[in-house]
Every structure is written in C-alpha cells, then in structure tokens.
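Observations on the three-dimensional arrangement
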Amino acid sequence: MCSMAHKTKLLKLILQSLPVMLLHSFCTAQDEDRRYSCRTAPSDLVFILDGSWSVEDKNFAIVKKWLVNITTNFNIGQRFTQVGVIQYSDDPVLQIPLGTYLSSTELIEAMESIEYMGGNTRTGIAIKFAIDNLFAHSERGPNGVAKIAVVLTDGKSQDEVKLAAEEARKKGIILFAIGVGSETEEEELRAIANKPSSTYVFYVEDYIAITKIREVIRQKLCEETVCPTRIPVAARDEKGFDILIGLDFAKKAKRTKGSYSGSRAYLVTSRLDLTESTRAIFPDGLPPSYVFVATLKYKGSVTTETWDLWRIQALDGTPQMAVTLNGKDKTVMFTTTSMGNDTQTVTFSTQETEKLFDEHWHQIRLLVSEQSVTLYVDGQQTESLELGPAPGIFVNGKTQVGKYFRKEETIPFEIQKLRIYCDPEHNNRETSCEIPGTDGEVRILPGGNTIIEKKMF
C-alpha cells in the first residue's frame, strides 16, 4: 500500500500537470476543428526565379512583389506550406531554404530582402539545384506532401532543361513554367513543365502582366494540394472528386438505365444512407474555384419536395455547403461557407430552373468562384449570383447525397453523374451532350467507353 505522503505527492503531481493536459486536449480539439482549405493544405513549394541581366532590377522588384502576394494566401509552417526560393543566372543561389521560416511575416521579410544578381540564363542547373538542395532535404517529402516548383524565366536557357525537368518529375516534383516576354521559347517551357501544358505552362508579355495571372497561379497551386485524385474525361484526366465513387454508389445502390441508350446510372431509394466522412472525400477541403456537375432524374412527389442533392455538414450537424432543389418554388439554392461560422445561400429562379422539375433527365452545373456562382441547366447558362468570402470547410463532419432538407431521410431519385472538377476552366470543356436534345451525340466505343461528338451545323 502507498503511504499517505506518497499519495499526497502523487496527487500534487497530477494537479500540477492537469492544466498542461487540458491545454493539450484543447489545442488538439482546436486543431481538429480548424477549417481546411488551400491555406492549410501541406506542401513544399519552391520558386525558381530568373535573375539574369535581361530581367533588370526594376522587373525583379515586380517579381518579388508577385511572390509575396502569392504566398500570403497560404498558411506558412511545418504543418502547412513550406516555401523555398532560388535565384539563378550563371549559377543558382539559395535565397530562402525550404521551411526556414515558420510565419508569413518572416517569410515576406526574407523575400523582400532578396537582391537581384544579374548574369546569364542557366535554367537547367537551377532545376537540378532545387532537386538536390531543397526537395531532397525536406523532412516531409517521404510523407506524401505535395512537392511543387514554379520556374519563372524571361529567356531561352543557355543549358539543357529537359533532363533536369524529367528527373524532377521522376521524383514526384510538379513543375510549373512561366515565360515572360518574347525571348522565351514555348518548346522549352513545355519541356520544363508537367503535362498537360494548358495547365502547367503560362506566358505573359512582360513583367507587369504577371500580376494578371497571380490568381490563376494561386488556384493551380491550390489544386495540386487539395485535389490529389484525377477523373478520366475523354482524352485527359481532370483533377477533382467523383462523389459517386467517394460514397461507394456501386456497392450501395442498384444500377439502372441512364440518360441515353447504353449509359448507366444509380437508383437511389429511401432505404439507402448515402453518407460518408467529409475527411474521407475532401481531406484537405476544396479549392476556391471549382465546377460542380450532376446528371439526375426524379419523379412524382419528389418534384414538389425540397431536398439536398449534395451537402457537407460540420461535426455538430450544422450545414456548410449544399446544392438544394426546391420543388415548391422550382428553384435551385447554393449554400457555402461564410465568414465566422455562418453560411451564405443564393437562390436561382429562372425559366431554365423550372425545367429541372419535369421528371426528365437534366444536368445541373455550377461554376463556383471566390466572387460568384453561375448556374447552367443542360449546358444553358441561367444566371450568375454574387458570393461573399467563403473560408474553408470543417472536415470532421459528414458529406451526404439525396437527403430531405434539414433531415436525415433519403429521397428517391436517379443519378448518373456527381462530380466536382477543381479546374474552373473545365466549365468550358464540359458538355451537356448526355442529355437528350442537346447539341451533341453520345457514341459508345468497344469496351464500354463513351465519347461526346459535337453536332456540326
């Protein structure tokens, strides 16, 4: 048995350590409930900047400002984004080692203090330097953290770039290439960057114009961190989330005939519970801009009900995001996050939205940006509505499909497609040709694959 003195000493130690234990528990809970988005997604991000004579001092100052504006959109730290910077001319110089600074303030001060070098243009050796001296020494590399390099140049390299770029890709490094001015060569930029070049290669006419692509670059960097999966679409793969796969429709729902001959869809009944952990589907949140696409049909009394085609709820059940069909008013509502812990909802009410309740197959497409959301019905643009700032989502809750508004019961309907494409430019590539009567034809190829052929008039 323990002596009274020993018990007293043990109790004292427990009471002394209790505040620390409670604080640790509180911090862990806070960490688990933080909003997930591009700001919080972990990545090793390296900028490889041309510092040759052709850049000139005044333009290099613009580059530094551009660099600061991009990186301020990410949380900086060991668990978030780590940034490194290389300036190169004849030889590369390590300006900011990867992960040296653990706050945005320190990082910005370091970026602003970089001095322009001048010299020749040797891009290949700079890429090789990034591989060997930054990415190779990252403690997080083996853990699957996104490794991204952005190469900014205004002229043709005086050394070979292809071999260095290929080595980088073999090591899992994603390469973006930005060409500035008329002296850059498209072929060389394509050799540097990942494929497709439409995603990873950018060109601007001068250094002042790089400010025009700041938001595009930020979106692309975000896609690489929060959208790890790809969806096969025609001849290319699109970064995004196939929600039908994420919710395991193939095992849960019965197959049925889709919108055209030979197509397959799923029959959702009231007995199904189409629910999954949000973390399992969107582990790092969603990008600031994306394209939501759904092809569906519902009949009878469902056309008069109000229900959520798709929604994300926080751990306590409060809504965060939703696409809601209001059968009574014949409208479509889009809900997303808002500042604080609130949400914002916009309502689409046009003649086109009324068609969605006629018991036929239709496609709903939403182009979501940081300022607005635009609804397309069967490929036809209806209207665009403004949105306020939308912070990230809490991923500890659940994602659901086909639920009555503010209820847990499942609504019966048929679904053929339910996807989120991370690249907002996919909105220009997406067609509604799977819907009978639209401007295209679906052909089924040997093996079951389908292609969309546009009708020519």
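Residues numbered from 1 in each chain as written. Predicted model: local features only at pLDDT ≥ 70, side-chain atom pairs only at ≥ 80, totals over all residues. Heavy atoms only, no water.

1. Details of empty space enclosed by the protein
Quick note on the threshold: Computed over the protein atoms alone on a 1 Å grid, cavities are sets of points where a 1.4 Å probe fits but cannot get out and pockets are open sets with protein on both sides within 12 Å along at least five of seven lines; a residue lines them when it has an atom within 4 Å of a point. Grid points are joined across faces, edges and corners, and a volume is the space filled by probe spheres set on the points. Helical segments are the DSSP runs of H or I of at least four residues, strand segments are the runs of E of at least two, and each set is numbered from the N terminus. Classification used: nonpolar for Ala, Val, Leu, Ile, Met, Phe, Trp, Tyr, Cys and Pro, charged for Asp, Glu, Lys and Arg, polar for all others including Gly. What counts as a domain boundary in this text is fixed by an automatic or database domain assignment.
Throughout the structure, instances matching the rule amount to one cavity of 30 Å³ or more. The space that makes up the largest cavity amounts to roughly 100 Å³. Every residue along the wall of the largest cavity is listed here: P196, T199, Y200, K220, E223, E224, R230, R236, D237, E238, K239 and D423. A per-element tally of the lining of the largest cavity places strand β8 (residues 236-242) first, with four residues. Tallied by class, the residues present in the lining of the largest cavity amount to two nonpolar, one polar and nine charged. In terms of domain composition, the lining of the largest cavity takes at least three residues from each of domain 1 (38-226) and domain 2 (230-454).

2. Brief notes about the sheet that holds strand β20 (residues 398-404)
Put simply, the test is: By the convention used here, strands pair only if DSSP detects at least 2 bridges between them. The axes are straight lines fitted to the C-alpha atoms, using for helices just the contacting stretch, and the angles between their N-to-C directions are given from 0 to 180°.
Read from one edge to the other, the open sheet built from six strands follows the order β11-β20-β13-β14-β15-β16, with strand pairing classed as antiparallel. With partners counted over all chains shown, the strands left at the sheet margins are β11 (275-277) and β16 (343-348), one partner each. Geometrically, the sheet is characterised by an average inter-axis angle of 10 degrees between neighbouring strands, direction not taken into account. Sheet analysis places strand β14 (residues 319-326) next to strand β15 (residues 331-337), joined by five bridges and oriented antiparallel. Looking at β15, one finds that T324 is bridged to M333.

3. Some words on the layout of surface pockets
Considered as a void within the structure, the second largest pocket measures approximately 490 Å³ in volume. As for the second largest pocket, its lining consists of 24 residues, and the residues nearest its centre are P288, E370, A390, P391 and G392. Its residues placed into classes, the lining of the second largest pocket shows 14 nonpolar, seven polar and three charged. Both domain 1 (38-226) and domain 2 (230-454) contribute no fewer than three residues apiece to the lining of the second largest pocket.

4. Things to note about the pairing of strand β19 (residues 380-386)
Bridging between strand β18 (residues 372-377) and β19 involves six bridges; their strand directions are antiparallel. In the strand pairing of β19, L375 is matched with E383. Hairpin connection, β18 to β19: the antiparallel pair is bridged by two residues, and D378 has positive phi, about 50 degrees.

5. Thoughts on the state of the cysteines
Inclusion rule: Two cysteine sulfur atoms make up a disulfide if the distance between them is within 2.5 Å. Residue exposure (1.4 Å probe, protein chains only): buried if accessible area is under 20% of the type maximum, exposed if over 50%, otherwise partly exposed.
Summed over all chains, the structure comprises two disulfides. Paired through a disulfide, C38 and C222 show a sulfur-sulfur distance of 1.4 Å. Residue C38 is found in the loop between α1 (4-32) and β1 (43-50), and its partner C222 is found in helix α8 (residues 214-226); the two are separated by 184 residues along the sequence. With a relative accessible area of 8%, C38 lands in the buried category. Across a sulfur-sulfur distance of 2.0 Å, C227 and C422 are joined as a disulfide pair. In this structure, the disulfide formed by C227 and C422 twists by about -95 degrees around the S-S bond and is classed as left-handed. Taken together, the residues C227 in the loop between α8 and β7 (230-233) and C422 in the loop between β21 (413-421) and β22 (440-444) connect sequence positions 195 residues apart. Like C422, C227 is buried. Once the bonded cysteines of the chain are numbered in order along the sequence, the disulfide links fall as 1-2, 3-4.

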